[in-house]
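# Observations on the three-dimensional arrangement
Given next are the chains, with one letter for each unit.
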Amino acid sequence: MMGAIIGDIVGSRFEFNNHKSKEFELFTKECHVTDDSIMTLAIAKAILETEKMIKPLFNGADFENDYCLILEGMTIKYMQEIGRKYPNCGYGNMFSKWVFSENPEPYNSYGNGAAMRISPVGFIARSEGQATRLSEIVTGVTHNHVEGFKGAEATAVAIFMARRGFTKEEIRNKINENYYSLDFTIDNIRDSYQFNATCQETVPQAIVSFLEATSFEDAIRTAISIGGDSDTLTAITGSIAEAYYGVPEKIKEKALTYLSNDLRTIFDEWFRINGAVNIHGKFKVLTKYIGKIAATESFGERFIDYENDGTIGHPIQIPFVNFDELVNIFVEEFYNFSDNHPEYKLVTYVSILEDNRLQWDDMVMRSAEVESLDAQCILAMIMGAIRAERFCDGALLSFFKDGFISKWLKRLKAIDGSNVNKPIEEIYFEIGSFGDYDTYHIIFEEGSSSVFKTTLSNELPVEEHYLLEKTTRLLNDFNALQVEYWDSEYIDPCVCDGTQWELGVKYKGERGTVWEGSNAYPPNWDDLLVFFGIEPDDEDEEE
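Residues numbered from 1 in each chain as written. Predicted model: local features only at pLDDT ≥ 70, side-chain atom pairs only at ≥ 80, totals over all residues. Heavy atoms only, no water.

Going by what an unreviewed UniProt entry lists, the chain is known as ADP-ribosylglycohydrolase and is assigned to Anaerobacillus arseniciselenatis.

Now the structure itself:
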């Protein structure tokens with residue numbers, strides 16, 4: 001949500017005075033808050049007040065009907081209540097009438113306002129399904145045209161995916177397949193792109209601005225450089241970029257000075273209650289690859305010229321490694337990280353290793369005790385492995401194959417401290433196919449736990465209660481699965497039916513995290529089944 005506010009403020013002075021360049025001062029006295037930030041905070045307030053009345057269940061299901069009905073009412077209430085305090089902030093004609101109407105009704109709009117205010121949804125959704133459902137609710141009160149729904153949903157889904165560790169290529173593919181064609185580059189459209197206030201001519205451009213960026217700030221600058229409806233376009237870009245990169249603290253603090261007391265109060269309450277979903281690990285852009293590396297079957301192949309003999313007609317070709325796409329994407333992202341975090345001084349990676357009594361040497365780096373190394377040294381080892389490829393074809397490939405890149409990334413994740421020592425409150429698991437699902441729900445309380453099972457093999461639900469010893473064993477067994485290293489989604493696109501599954505974990509003080517799959521599974525899938533008392537062989541037979 002902060003990213004949307006920043007994008008709005010930075011873009012405010014360029015809305016009717018486009019700046020077709022990435023070179024400009026981010027914040028000036030001409031910058032101000034517009035309807036984009038105000039309505040984003042109104043949606044945040046609607047969610048906050050809804051959840052004071054009814055908490056969303058954590059049971060793997062979508063938000064229940066009562067929650068959705070209350071949220072719809074709260075969205076109307078606070079968009080009007082807050083909106084009326086700022087009558088001159090840049091509303092369109094139809095939306096202005098809606099804000100001040102005594103009987104507000106949706107007016108079949110497909111304006112880009114649907115997408116610029118949606119970011120709170122993308123940040124609280126536990127699954128893509130929740131992102132689409134909540135997007136529909138808060139959008140339909142005004143923008144009930146199919147293109148209005150699509151623009152908001154595409155933005156919410158992109159935010160959700162960016163927050164949950166999908167790569168940019170995965171996000172691009174999702175938007176291409178389900179929402180908009182992204183077959184253009186910013187450089188190609190910059191000269192011809194003009195002001196347009198529709199979703200279909202704003203959202204794709206905003207998403208591509210994010211996809212082409214190398215950092216949060218670069219995303220904001222790229223979006224401004226297109227022109228058009230600058231504040232709204234950049235608010236959309238900023239909301240996705242925040243989920244992917246996080247927001248530099250200095251930029252955040254400066255932007256907050258532009259908020260009125262009323263708006264700042266809403267932001268502070270949102271952050272206090274939903275702060276956990278806004279926490280962005282400094283190394284998340286790198287550590288998100290842990291699960292992807294574990295799931296890949298190949299990192300590439302080394303080319304060796306066996307056919308030619310060195311004669312004029314058959315010259316020997318220089319061998320090389322043809323890396324798989326995942327490795328190439330990771331390397332590019334790592335270089336971008338290095339460029340945007342000069343504080344780690346990774347251009348001097350050899351010196352950093354030496355300062356830690358390590359050498360830029362294959363065996364030395366492999367044998368290093370990573371638990372005792374700081375982030376700079378871990379990053380230097382990754383840089384060393386990448387740079388080694390220039391001098392020895394296959395060096396980087398071996399670091400991937402032998403698990404050392406993954407090992408170093410896990411150390412970075414530990415340094416980030418995600419969910420470290422946070423008690424688990426609930427675990428939910430659902431598995432089945434064709435609408436028939438077995439469900440397992442474990443609720444932890446202080447010193448005890450309750451397990452609820454609903455399976456097709458039992459006519460009645462099974463309920464079990466455990467005291468401290470069994471509860472401790474359950475928690476230890478689950479923690480040993482290390483689901484925090486899993487990829488967020490496992491999908492086999494070649495199979496249309498079969499086994500569907502969903503695992504949800506709720507840590508204290510957080511909304512919960514969900515992993516999903518369809519006919520594809522994390523590497524230690526069988527261990528997960530055993531944890532819930534499911535025989536892996538039986539499950540394989542069902543598949």
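Picking up after the structure, the text goes on.
## Thoughts on the overall build of the chain
When you go through the chain residue by residue, the secondary structure sums to 26 helices and 9 strands. Relative to the compact-globule value of 24 Å for 543 residues, the chain shows a C-alpha radius of gyration of 25 Å, a close match. Once the C-alpha set of the chain is aligned to its principal axes, its extents read approximately 80 × 70 × 45 Å. Within the chain, the proportion of its 543 residues that are buried is 55%. Counting contacts in the chain only where the partners sit at least 6 residues apart, residues at least 24 apart contribute 69% of the total. Total accessible area on the chain stands at roughly 24,700 Å², and carbon and sulfur atoms take up 48% of it. Positive and negative side-chain charges in the chain, numbering 49 and 90 respectively, have mean positions lying 9 Å apart. (Helix = DSSP H or I, 4+ residues; strand = E, 2+ residues; numbered from the N terminus. Rg over C-alpha atoms; globule rule 2.2 N^0.38 Å. Buried < 20%, exposed > 50% of the residue type's maximum accessible area, 1.4 Å probe, protein only. Contact = heavy atoms within 4.5 Å. Areas by Shrake-Rupley, 256 points an atom, 1.4 Å probe, with all protein chains shown as cover. Lys, Arg positive; Asp, Glu negative; His and termini not counted. Charge placed at Lys NZ, Arg CZ, Asp CG, Glu CD.)

## Considering the pattern of salt bridges
As enumerated under the stated definition, the model contains 23 salt bridges in all. In this structure, Glu49 engages Lys52 in a salt bridge whose closest nitrogen and oxygen atoms are separated by 2.8 Å. One end of the pair is Glu49 and the other is Lys52, both in helix α2 (residues 35-53) and 3 residues apart, which spans about a single turn. Notably, a salt bridge pairs Glu81 with Lys77, separated by 3.3 Å at the nearest N-O pair. Placement of the pair is Glu81 and Lys77 together in helix α3 (residues 65-83), with a separation of 4 residues, close to one helical turn. With a relative accessible area of 39%, Lys77 lands in the partly exposed category. Among the charged side chains, a salt-bridge network with shared partners connects Lys45, Glu49, Lys52 and Glu269. (Salt bridge = Lys/Arg side-chain N within 4 Å of Asp/Glu carboxyl O.)

## What to know about the side chain of Lys168
Following the sequence through the fold, Lys168 ends up in helix α9 (residues 168-178). For the buried Lys168, which has no salt bridge, the nearest side chain bearing the opposite charge is Glu333, at an N-O separation of 5.5 Å. At 3.4 Å, the side chain of Lys168 forms a polar contact with the backbone oxygen of Leu211. Excluding its chain neighbours within four sequence positions, the residues that come into contact with Lys168 are Phe210, Leu211, Ala213, Tyr244 and Tyr245. (Polar contact = N/O pair within 3.5 Å; in protein donor to acceptor, adjacent residues only side chain to side chain.)

## Description of the domain arrangement of the chain
Here the chain is described as being made up of domain 1 (1-275), domain 2 (283-417) and domain 3 (424-532). Per-residue buried area on domain 2 facing domain 3 is highest for Gly291, Lys410 and Lys413; these three make up 55% of the total on that side. Linking domain 2 to domain 3 there are 1 salt bridge. Of the charged contacts, one joins Lys292 and Asp487 as a salt bridge, the two residues approaching to 2.9 Å between their closest N and O atoms. The interface formed by domain 2 and domain 3 holds 2 residue pairs in polar contact (both at pLDDT 80 or more) in total. Among the elements of the structure, α17 (289-295) and α23 (404-416) are those that each provide at least two residues to the side of domain 2 that touches domain 3. In terms of residues, the side of domain 2 that touches domain 3 owes the most to one element, α17, which gives 5 residues. Classifying every residue of the side of domain 2 that touches domain 3 gives 3 nonpolar, 1 polar and 3 charged. (Domains from an automatic or database assignment. Buried area = accessible area lost by both parts, 1.4 Å probe. Nonpolar A, V, L, I, M, F, W, Y, C, P; charged D, E, K, R; others polar.)

## A look at the sheet that holds strand β4 (residues 436-445)
In spatial order, the strands read β6-β5-β4-β3-β8-β9-β7; together these 7 strands make up an open sheet with mixed pairing. Sheet topology places β6 (462-466) and β7 (489-491) at the edges, where each strand pairs with a single neighbour. Taken pair by pair, the neighbouring strands of this sheet meet at an average axis angle of 10°, ignoring direction. (Pairing = 2+ DSSP bridges. Axes fitted to C-alpha atoms, helices over the stretch in contact; angles between N-to-C directions.)

## Overview of the packing of helix α18 (residues 325-340) against helix α21 (residues 375-388)
The contact between α18 and α21 brings their axes to 11 Å, and the two run at 130°. Put simply, α18 runs oblique to α21. Handedness of the α18/α21 crossing: left-handed. On the side of α18, the interface is formed by Phe330, Val331, Phe334, Tyr335, Phe337 and Ser338, while α21 contributes Leu379, Ile382, Met383, Ile386 and Arg387. Residues that form the contact of α18 with α21 fall into these classes: 9 nonpolar, 1 polar and 1 charged. (Parallel < 35°, antiparallel > 145°, perpendicular 65-115°, else oblique. Left-handed = near helix turned anticlockwise from the far one by under 90°.)

## Observations concerning helix α8 (residues 146-163)
Helix length check: α8, at 18 residues, gives a terminal C-alpha distance of 26 Å against a target of 26 Å (1.5 Å per residue), a fit within 8%. The first or second residue beyond α8 is Gly165, which carries a positive phi of 90°. (Expected span 1.5 Å × (residues − 1).)

## Details of the packing of helix α11 (residues 203-212) against helix α13 (residues 230-245)
Two numbers describe how α11 lies on α13: the axes approach to 8 Å, and their chain directions differ by 40°. Seen from above, α11 lies across α13 with right-handed handedness. On the side of α11, the interface is formed by Val203, Gln205, Ala206, Ile207, Ser209 and Phe210, while α13 contributes Leu233, Ile236, Thr237, Ile240, Ala241, Tyr244 and Tyr245. For the contact of α11 with α13, the class distribution of residues is 10 nonpolar, 3 polar and no charged.

## Comments concerning the pairing of strand β3 (residues 424-433)
Summarising burial for β3: 7 of the 10 residues are buried, a large majority. As defined by bridge partners, β3 adjoins strand β8 (residues 500-507) across 8 bridges and the pair is classed as antiparallel. Each residue of the ladder has a partner; that of Phe429, found in β8, is Leu503. Two elements, β3 and β4, share 8 bridges in a ladder whose sense is antiparallel. Its bridge partner lying in β4, Glu430 is registered against Thr439. Two successive antiparallel strands, β3 and β4, enclose a turn made up of 2 residues, where Phe434 displays a positive phi of approximately 55°.

## A few points about unusual backbone geometry
For Lys345, which is not glycine, the phi torsion reads 50° and is therefore positive. Within the secondary structure, Lys345 sits in the loop between α18 and α19 (349-355). Despite not being glycine, Asn519 has its phi angle at roughly 65°, a positive value. Along the polypeptide, Asn519 turns up in the loop between β9 (513-518) and α25 (525-531). Residue classification places Asn519 among the buried residues on the basis of a relative accessible area of 14%.

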